[in-house]
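One letter stands for each residue in the lines below.
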Amino acid sequence: MKGRRRGKVVSYNKWGYIFLIPFVAVYLVFQLIPLVSTVYNSFFENYRSGLTQVGPNFVGLENYRTILENQDIWLYAKNTLIMWLMGFIPQILVSLLLGAWFSNPSLRLKGQRFFKTVIYLPNLIMASAFAMLFFTLFSDGGPINSILMQIGILDSPYRFLSNVWSTRALVAFMNFIMWFGNTTILLMAGMMGIDTSLFEAASVDGATSTQVFFKITLPLLRPILIYVVITSLIGGLQMFDVPQVLTNGTGEPMRSSMTLIMYLNKHLFSKNYGIGGALSVFLFIITGVLSLIVYKFSNERDR
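The sections below set out a description of the structure shown in this document. Model, not experiment: these values are computed from the prediction.

Pairing geometry for strand β1 (residues 44-49) and strand β2 (residues 52-58), over 5 bridges, is antiparallel. Each bridged residue has a counterpart across the sheet, and for F44 the counterpart in β2 is F58.

In this section: the packing of aromatic side chains. In total, this model carries 16 aromatic pairs according to the counting rule given. Relative to Y27, the ring of F23 lies with its centre 6.2 Å away and its plane at 20°, an arrangement referred to as stacked. Pair noted here: F23 and Y27 are both in helix α1 (residues 2-41), with a separation of 4 residues, about one helical turn. Plain terms: the ring middles of F114 and F115 are 5.4 Å apart, the flat faces sit at 70° to each other, and that makes the pair edge-to-face. For F114, a relative accessible area of 54% gives the class exposed. A network of ring pairs unites the aromatic residues F130, F134, F138, Y158, F160, F173, F176 and F180 as a single cluster.

Looking now at the side chain of R168. Here R168 shows up in helix α7 (residues 164-192). Within the buried core, R168 has no salt-bridge partner, and the shortest N-O distance to an opposite charge, that of E252, equals 11 Å. Polar contacts involving the side chain of R168 include one to the main-chain carbonyl oxygen of S256, which spans 3.0 Å. Contacts of R168, omitting those with residues within four sequence positions, involve N79, I82, M83, M86 and S256.

Bringing unusual backbone geometry into the picture now. Look at the link from E252 to P253: it is a cis peptide, with omega at 5°. As for its position among the elements, P253 is in the loop between α11 (241-246) and α12 (260-269). Of note, the phi angle at M254 is positive, near 55°, even though the residue is not glycine. The residue M254 is located in the loop between α11 and α12 in this model. Even without being glycine, R255 reaches a positive phi, approximately 55°. Classification of R255 by relative accessible area gives partly exposed; the value is 33%.

So, on to the packing of helix α3 (residues 72-102) against helix α10 (residues 222-237). Where α3 meets α10, the axes come as close as 10 Å, and the angle between the chain directions of the two elements is 145°. The hand of the α3/α10 crossing is right-handed. Note on element contacts: α10 touches α3 through L225, V228, V229, S232, L233, G236 and L237, opposite T80, L81, W84, F88, I92 and L96. In the contact of α3 with α10, the residues fall into 10 nonpolar, 3 polar and no charged.

This brings us to the layout of surface pockets. Quantified by volume, the largest pocket comes out at close to 720 Å³. Residue lining of the largest pocket: 23 residues in total, with A100, N104, F199, V212 and T217 positioned closest to the centre. Contributions of two or more residues to the lining of the largest pocket are made by α3, α7, α8 (196-204) and α9 (209-220). Classifying every residue of the lining of the largest pocket gives 14 nonpolar, 8 polar and 1 charged. In this structure, the second largest pocket encloses a volume near 530 Å³.

A few words on the environment of R159. Here R159 shows up in the loop between α6 (143-150) and α7. Each residue touching R159, except ones within four places of it in the same chain, is listed here: D140 and S166.

Here the structure, examined in full by the defined rule, presents 4 salt bridges. Residue R255 pairs with D72 through a salt bridge whose shortest N-O separation is 3.1 Å. Residue R255 is located in the loop between α11 and α12, and its partner D72 is located in helix α3; the two are separated by 183 residues in the primary sequence. Of the residues examined, D72 reaches a relative accessible area of 22% and is grouped as partly exposed. In this structure, the salt-bridge partner of D140 is R159, at a minimum N-O distance of 3.6 Å. Of this pair, D140 sits in the loop between α5 (127-137) and α6 while R159 sits in the loop between α6 and α7, placing them 19 residues apart in sequence. Overall, the relative accessible area of 37% leaves D140 in the partly exposed class. Shared partners join several salt bridges into a network, and the residues in it are E62, R65 and E69.

Between α7 and α10, the least distance of the axes is 9 Å, while the angle of their chain directions is 165°. In terms of orientation, α7 and α10 fall into the roughly antiparallel class. Considering how the two elements wind past one another, α7 and α10 form a crossing that is right-handed. Of α10, the residues touching α7 (which contributes T183, L186, L187 and G190) are I224, L225, Y227 and V228. Of the residues assigned to the contact of α7 with α10, the class counts are 6 nonpolar, 2 polar and no charged.

Scoring rules and cut-offs
- Residues numbered from 1 in each chain as written.
- Predicted model: local features only at pLDDT ≥ 70, side-chain atom pairs only at ≥ 80, totals over all residues.
- Heavy atoms only, no water.
- Pairing = 2+ DSSP bridges.
- Helix = DSSP H or I, 4+ residues; strand = E, 2+ residues; numbered from the N terminus.
- Phe/Tyr/Trp six-rings, centres within 6.5 Å; stacked < 30°, edge-to-face > 60°.
- Buried < 20%, exposed > 50% of the residue type's maximum accessible area, 1.4 Å probe, protein only.
- Lys, Arg positive; Asp, Glu negative; His and termini not counted.
- Salt bridge = Lys/Arg side-chain N within 4 Å of Asp/Glu carboxyl O.
- Polar contact = N/O pair within 3.5 Å; in protein donor to acceptor, adjacent residues only side chain to side chain.
- Contact = heavy atoms within 4.5 Å.
- Axes fitted to C-alpha atoms, helices over the stretch in contact; angles between N-to-C directions.
- Left-handed = near helix turned anticlockwise from the far one by under 90°.
- Nonpolar A, V, L, I, M, F, W, Y, C, P; charged D, E, K, R; others polar.
- 1 Å grid on protein atoms, 1.4 Å probe; cavity = no way out; pocket = protein on both sides within 12 Å on 5 of 7 lines; lining within 4 Å.
- Points joined across faces, edges and corners; volume = space filled by probe spheres on them.
- Parallel < 35°, antiparallel > 145°, perpendicular 65-115°, else oblique.

Honestly, that's just the spatial picture; any functional story needs more than this.
Below, the structure is given as structure tokens:
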């Protein structure tokens, strides 16, 4: 009887491995193999000069040295972080506020399902379509300039896409609009998972709503906040489609809206696979280091 039971356990376990096969296959084909290929190509000189193909020739760490010596990489990293921060700070503040409102049963807000759906809808719109919409709205002869001139705020069209900070602000605002709904849903789920007896005990002790939020809600919400910050940071470092469409791939004015992925795309478009691979590895390292810093800082605060 024991032998039969063991046989049944083994036969049941094999179905778990069978169901894992699609995930493993997709992971190998679309993630692991491209990752290994990228690291491999980063050690080779491999580009096209006109009609002539140069390489692949093994050059070791020469591609990495070329990237680090080029000051453009630091400029584009600064641009990426600035636009991410400009979009993320209002995003997390608005999401915390909305999450607190929607998860507070004492407010008895009406139409919660409708508003939750509305704030999440921008996340479903393609970023390229969103960027094209803003490009049309804020162009020199677009509706925004026309409205501002008609009501007397402007005498002449303001060139939103020719000013450094207005271009960055538009990119940040679009990222804020697209992602604050998703962040609100995550934070609200974390808030609804907090034991309500803690809030009841705080109210009995005479705590105000502000004290409850900062002394109970935020500390217990820290794991979700860490997750939101790290995932948003990773997404911010991979910022591409919005500034690419909004500036037509130029990163103008004065390359102030050129991001790291846009810089990488230029190398891949010119088929410089060696520098492109090295830049991808460099971006992977930056993402890992910054995510580790955020995690360690949050962990130290928790201790």
